[in-house]
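Reading the structure
The chain contents come next:
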Amino acid sequence: MMFKNVVQDFSLYRNAYILTCSATMGNIFFGWDIGLTGGILSMGSFQQYFGLDKKSAAEHAALNGNIVAVLPGGSFFGALFTGYLSGRFGRKPCLLASGIIYLIGSLIQCVVGLGSTPEVGLRVLYFGRFLGGIGVGMVSALIPAYVSECVPKAIRGRCTGAIQLSNNIGLMLSFWVNYGASKHLAFGQMQWRIPFIMQIIPGVLFVIAMFFQPESPRWLVEHEKYDLASRSLAFTARTTPSDEIVVQTIKEIRSDFSGRDKLSMLTQLKGMLESRSIALRCFIPSLVMFFQQWTGTNAVNYFSPQIFASLGINGTTSGLLATGVYGVVKVVSVGVFLALAVERMGRKNSLIVGGLGQGLTMLWVGGYSALHPSGNAVPASYVSIVAIYLYGAFFCVGWGTLPWVIAGEVAPNHLRPAVLSIAVAVTWLCIFSISKLTPIMLDTITYGTFLLFGLLCIIMVLWSYVFLPETTGYALEDIKYLFNEDITLRSLQDAPGGRLFIGKRRAKSIEELRMQEETSSNLEVSESKTSRVSGESTKKDQI
């Protein structure tokens, strides 16, 4: 019955799912690059070409960190300025521009070293990765906002969560491309150039697919293009612009933007401190994206061949095979979760379950590495390898999928471009730091790397339990009521077993808070009218 409902759901909202697939194609090349780099760095042909095999262990680790980190560095700047650009020119044009920038950067990476020395080629590689990173950063900042603004709320969690699914698909494909190149191509330049060339394919598909998709209805409303906004909403909901639901949604969006039309980026930044509730909603997207990265996921993604080698899997090809299996585990996990559980489990429970699973598996791997530092295979090695796979599965259940969903939902509508740009910039700053530090940490503190990530995962679980209200099932225009008052009380009320801590106390329902706001608004209008009438009477008396 559950499977039948899922099929019916996909049929009913197929336009919204097509839009989601088109947009999240951008996250495929995001994930592709993350998986691509670690595999290429482990290839002897790449190391020999650029002279990395002649470096000391410390120098090699530092160069690996530089090559990986330069793309997140570009992505940081791409994400940071995307809010302004998308607010002025629209989500769709900026998405198309991000794809083109990524393609140019990818083409440069394909030809590094041709007609020059390896030293010059390495500098060109840095530039190509930085430029491609700008495109990746733009697309990663735009897609959560674009998808959450376009799709119906009934499937918003699944569609926004598809960002992580596409990320994992790109990750998995790059893992297997690396494995195929290592196993089947002759030792030489083409062994590592082919993976670089292959990353162009998702970029081309993304640009073509996005060309046929509509603009965000919320951006259109903000720019007073109401007819186009109605048509955009009607397209994703597979109905007509005159449909009552479409008309009501446009009305709610207009109401939410009332008095806040066409806010500049500077005004949006100032607006983040408008009230305690809004400040909190602007802070949470950056916090959950910070947490997502410090689960250690990209430490595993970028440097999985080295991590599997430390667990007893020897040889470049064997390490890439184990990494490929890790990619398959993540894709299957996030696909099943999005199809069957994301709207049923809720955001909060998923973060708690996923964080606990990640924390325990990381602590196990850290403990194993402390007891078996030699890297030789023993029976417990296989348990640790399974723990890495389970870590990837739990990441997809919680902190892999949901931060993108929560960031898109919690951010205030009128401040969303700025809030999400900052949140994604924080993501890339964290990825930059982790990609730079991980090879150094693995070389110096070794097992402490895994213990650090495991403890951080446990901290994230506690935050989710105590301070994050459940947002599943609420319209974007109603999310604000969850953060108006009694946030910790509401969070504990929504948490599994949380009512043991709050007794009979309960937070106000959304309906009560909505009526309270309407009453307050009516009183303000009434007082304004009374004041105006009083002022007119005073003038008459003076005359």
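For the structure itself, consult the block above.
Attention in this report is confined to the structure presented alongside it. (Residues numbered from 1 in each chain as written. Predicted model: local features only at pLDDT ≥ 70, side-chain atom pairs only at ≥ 80, totals over all residues. Heavy atoms only, no water.)

**Some remarks on the side chain of Ser-148**
The condition is simple: Under the DSSP-based scheme used, a helix requires at least four consecutive residues in state H or I and a strand at least two consecutive residues in state E, with every element numbered from the N terminus. Here a polar contact is recorded for every N or O atom pair within 3.5 Å, except that within protein the pair must consist of a potential hydrogen donor and a potential acceptor, and residues adjacent in sequence are included only if both atoms are side-chain atoms. In what follows, a contact means two residues having at least one pair of non-hydrogen atoms within 4.5 Å.
With respect to the secondary-structure elements, Ser-148 resides in helix 6 (residues 118-150). At a separation of 2.8 Å, a polar atom in the side chain of Ser-148 contacts the main-chain carbonyl oxygen of Pro-144. A polar atom in the side chain of Ser-148 sits 3.2 Å from the backbone oxygen of Ala-145. Ignoring sequence-local partners within four residues, the contact set of Ser-148 consists of Arg-156, Thr-160, Arg-218, Gly-408, Arg-416 and Leu-476.

**A short note on a nonpolar patch on the surface**
Inclusion rule: Within this analysis, patches are made of residues with over 30% relative accessible area and no salt bridge. Like charges are joined at 9 Å or less; nonpolar side chains (Val, Leu, Ile, Met, Phe, Trp, Tyr) at 5 Å or less. The method behind every accessible area is Shrake-Rupley, applied with a 1.4 Å probe, and residues are considered shielded solely by the protein chains displayed. Salt bridge, as used here: a side-chain nitrogen of Lys or Arg that lies within 4 Å of a carboxyl oxygen of Asp or Glu.
The grouping of Trp-176, Leu-321, Val-325, Val-328, Val-332, Val-336 and Leu-340 at the surface amounts to a nonpolar patch, some 500 Å² of accessible area in total. With 6 residues, the top contributor of residues to the nonpolar patch is helix 16 (residues 316-340). If you trace the backbone, Leu-321 turns up in helix 16.

**Thoughts on the packing of helix 7 (residues 156-184) against helix 16**
Rules: Every angle, taken between N-to-C directions, lies between 0 and 180 degrees, and every axis is a line fitted to C-alpha atoms, over only the stretch in contact when it is a helix. Put simply, angles under 35 degrees are roughly parallel, angles over 145 are roughly antiparallel, angles from 65 to 115 are roughly perpendicular, and the rest are oblique. If you view the pair so one helix is near and one far, a crossing is left-handed when the near helix is turned anticlockwise from the far one by less than a right angle, and right-handed when it is turned clockwise. Residues were grouped as follows: Ala, Val, Leu, Ile, Met, Phe, Trp, Tyr, Cys and Pro as nonpolar; Asp, Glu, Lys and Arg as charged; and all remaining residues, including Gly, as polar.
Contact geometry for helix 7 and helix 16: axes closest at 8 Å, N-to-C directions at 160°. Classed by the angle they form, the pair helix 7 and helix 16 counts as roughly antiparallel. Crossing of helix 7 over helix 16 shows left-handed handedness. Tallied by class, the residues present in the contact of helix 7 with helix 16 amount to 17 nonpolar, 12 polar and 3 charged.

**Some words on the layout of surface pockets**
Worth spelling out the cut-off: Think of a 1 Å grid over the protein atoms and nothing else: a 1.4 Å probe that fits but is trapped marks a cavity, an open set flanked by protein within 12 Å on at least five of seven lines marks a pocket, and residues with an atom within 4 Å of a point count as lining. Grid points are joined across faces, edges and corners, and a volume is the space filled by probe spheres set on the points.
Volume-wise, the largest pocket comes out at about 1000 Å³. Along its surface, the largest pocket is lined by 38 residues, and Gln-248, Thr-249, Glu-252, Ala-475 and Glu-477 are the ones closest to its centre. With 9 residues, the top contributor of residues to the lining of the largest pocket is helix 12 (residues 244-257). Surrounding the second largest pocket, 23 residues form its lining, Gln-306, Ser-310, Pro-439, Leu-442 and Asp-443 being those nearest its centre. Going through the elements one at a time, helix 2 (14-42), helix 4 (57-89), helix 15 (297-310) and helix 21 (416-444) are the ones with two or more residues in the lining of the second largest pocket. The biggest single contributor to the lining of the second largest pocket is helix 15, with 5 residues. For the lining of the second largest pocket, a count of residues per class yields 12 nonpolar, 10 polar and 1 charged.

**Remarks on empty space enclosed by the protein**
Evaluation of the coordinates by the stated rule reveals 3 cavities of 30 Å³ or more. What the largest cavity holds in volume is close to 100 Å³. As for the largest cavity, its lining consists of 15 residues, and the residues nearest its centre are Gln-164, Asn-167, Gln-293, Asn-298 and Phe-395. Those elements giving two or more residues to the lining of the largest cavity turn out to be helix 2, helix 7, helix 14 (276-293), helix 15 and helix 21. For the lining of the largest cavity, the class distribution of residues is 5 nonpolar, 9 polar and 1 charged.

**What about the pattern of salt bridges?**
Rule in force here: Burial here depends on accessible area, computed with a 1.4 Å probe over protein chains only, as a share of the maximum for the residue type. Under 20% is buried, over 50% is exposed, and the range in between is partly exposed.
Following the criterion strictly, the structure yields 7 salt bridges and no others. Asp-53 is the partner of Lys-54 in a salt bridge, and the nearest nitrogen-oxygen pair spans 4.0 Å. For Lys-54, a relative accessible area of 69% gives the class exposed. Given the relative accessible area of 41%, Asp-53 is considered partly exposed. Between Lys-508 and Glu-485 there is a salt bridge, with the nearest N and O atoms lying 3.5 Å from each other. With Lys-508 in the loop between helix 24 (499-502) and helix 25 (510-542) and Glu-485 in the loop between helix 22 (448-467) and helix 23 (487-494), this residue pair connects regions lying 23 residues apart in the sequence. Residue class for Glu-485 comes out partly exposed when judged on its relative accessible area of 24%. Where salt bridges share partners, they join Arg-91, Glu-149 and Arg-416 into one cluster.

The analysis is restricted to geometry; functional conclusions fall outside its scope.
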